[in-house]
Amino acid sequence: MHERKPFVGGNWKMNTNRTTSADLTRAVVDGLARVEGVEVAVYPPFPYLLAVRSILRDRSSSIRMGAQNAYHRPDGAYTGEISIEMLKDCGATTVLVGHSERRHVIGEQDELINAKVRAVLEAGLECVLCVGETIEEREAGHTDPVNQRQVRAGLADVPGDWVNRLVLAYEPVWAIGTGKTATPDDAQDVHRKLRQLVSGLYGPEIAARTRIIYGGSVKPSNAAELFAQPDIDGGLIGGASLKPEDFVGIVKAAATT
Ligand code: PGA
């Protein structure tokens, strides 16, 4: 048992439509109605945020809603971007930053990711900073330096009193959407080292409070074993978050570990 409340996020990525995002929200709310002891957030695509928010409100659900990305500038000529204030206005309370698909498909670099982390935290929202190594980096023995660099760079100039709104997500790139999952021992090893890093940066108390969640092909069948690790405080769920029974099963696994 650790003192951190587990966190499970459902990252819907670029999936669902107006009907299926609403259906999925209702099914998750109903499935989790009696589940306690875990914080849950869903991350729908931008166009469905308002509708998802209104379903969550109508059902008095404690499930939080967040955005998969944000831009760090407050307003202006940034065609196609979405500001943090706009997201707040739509009811988002949490934002994913530095997801591997933003880093490796869209090409976001550490500097931009750091600007986004600072802007999200400064605005008073929760920031889920995602880090993770590619298969080439892992095979070259660079897993730890890559993850440490991404965390250090992401948190550059982030003051300690903002860190209570930070969640770290370790998501090995080779495990995302591939069906391959890090073994609980391998994931625990990375999480433990990331917590040590946070301790070095902000001190042991903040490190002990910071949730570090795992992502990468988490399923109901492997969730309990992963979440039972001492430094794994929940998960960021992609594919399985689109299937209400699977997502509910994963959240229940987090609630009981
Ligand atoms: P996955 O995605 O669960 O489909 O592997 C996880 C993520 O990208 O957050």
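Residues numbered from 1 in each chain as written. Predicted model: local features only at pLDDT ≥ 70, side-chain atom pairs only at ≥ 80, totals over all residues. Heavy atoms only, no water.

### Remarks on the sheet that holds strand β6 (residues 166–170)
Spatially, the 8 strands close up into a barrel ordered β1-β2-β3-β4-β5-β6-β7-β8, and their pairing is parallel. Sheet twist, expressed as the average angle between the axes of neighbouring strands with direction ignored, equals 25 degrees. Pairing of strand β5 (residues 126–131) with β6, which is carried by 5 bridges, proceeds in the parallel orientation. Looking at the pairing, cysteine 127 lines up with leucine 166 of β6. Its contacts with the sheet place helix α5 (residues 110–122) against β4 (94–97), β5 and β6, and it is angled at close to 160 degrees to β5. Along the sheet, helix α7 (residues 143–154) makes contact with β5 and β6, crossing β5 at roughly 150 degrees. (Pairing = 2+ DSSP bridges. Helix = DSSP H or I, 4+ residues; strand = E, 2+ residues; numbered from the N terminus. Axes fitted to C-alpha atoms, helices over the stretch in contact; angles between N-to-C directions. Contact = heavy atoms within 4.5 Å.)

### Examining the packing of aromatic side chains
This structure, assessed with the given rule, holds 2 aromatic pairs. With a centroid separation of 5.2 Å and an interplanar angle of 45 degrees, the aromatic rings of tyrosine 71 and tyrosine 78 are classed as tilted. (Phe/Tyr/Trp six-rings, centres within 6.5 Å; stacked < 30°, edge-to-face > 60°.)

### A short note on helix α8 (residues 184–202)
At 3.6 residues per turn, the α-helix brings residues three or four places apart onto the same side. In this model, α8 (19 residues) spans 26 Å end to end at C-alpha, consistent with the 27 Å of a helix rising 1.5 Å per residue. Along α8, the residues that are buried comprise Pro184, Ala187, Gln188, Val190, His191, Leu194, Arg195, Leu197, Val198 and Tyr202. Immediately beyond the C-terminal end of α8, within one or two residues, lies glycine 203, with a positive phi of roughly 100 degrees. (Expected span 1.5 Å × (residues − 1). Buried < 20%, exposed > 50% of the residue type's maximum accessible area, 1.4 Å probe, protein only.)

### Some remarks on helix α11 (residues 244–255)
Here α11 is 12 residues long and its end C-alpha atoms lie 16 Å apart, about the 16 Å a rise of 1.5 Å per residue gives. Regarding α11, the residues found buried are Phe247, Val248, Ile250, Val251, Ala253 and Ala254. Against β1 (7–11), α1 (18–31), β2 (39–43), α10 (220–227) and β8 (234–237) lie the buried residues of α11.

### A word on the site of the ligand
Taken together, the neighbourhood of the ligand is formed by 13 residues, with Lys13, His99, Glu171, Gly177 and Ser217 sitting nearest. Note that an oxygen atom of the ligand is positioned 2.6 Å from one of the side-chain N or O atoms of glutamate 171. Here the ligand loses 95% of its free accessible area of 280 Å² to cover by the protein chains. Looking at the shell around the ligand residue by residue, the class counts come to 4 nonpolar, 7 polar and 2 charged. (Near = heavy atom within 4 Å. Polar contact = N/O pair within 3.5 Å; in protein donor to acceptor, adjacent residues only side chain to side chain. Areas by Shrake-Rupley, 256 points an atom, 1.4 Å probe, with all protein chains shown as cover. Nonpolar A, V, L, I, M, F, W, Y, C, P; charged D, E, K, R; others polar.)

### Details of the environment of glycine 107
Within the secondary structure layout, glycine 107 lies in the loop between α4 (100–106) and α5. Residues glycine 107 and isoleucine 206, spaced 99 residues apart in sequence, show a C-alpha to C-alpha distance of 31 Å.

### Some thoughts on the layout of surface pockets
The computed volume of the largest pocket comes to approximately 420 Å³. What lines the largest pocket is a set of 18 residues, among which Lys13, Met14, Gln68, Asn69 and Arg102 lie closest to the centre. Looking at the lining of the largest pocket, the element that brings in the most residues is α4, giving 4 residues. (1 Å grid on protein atoms, 1.4 Å probe; cavity = no way out; pocket = protein on both sides within 12 Å on 5 of 7 lines; lining within 4 Å. Points joined across faces, edges and corners; volume = space filled by probe spheres on them.)

### Quick notes on empty space enclosed by the protein
Tallied over the full model, the rule gives 1 cavity of 30 Å³ or more. Put simply, the largest cavity is a space of about 40 Å³. In terms of lining, the largest cavity is formed by Gly98, His99, Ser100, Arg103, His104, Cys130, Val131, Gly132, Glu171 and Val173. Mapped by element, the contributors of at least two residues to the lining of the largest cavity are α4 and β5.

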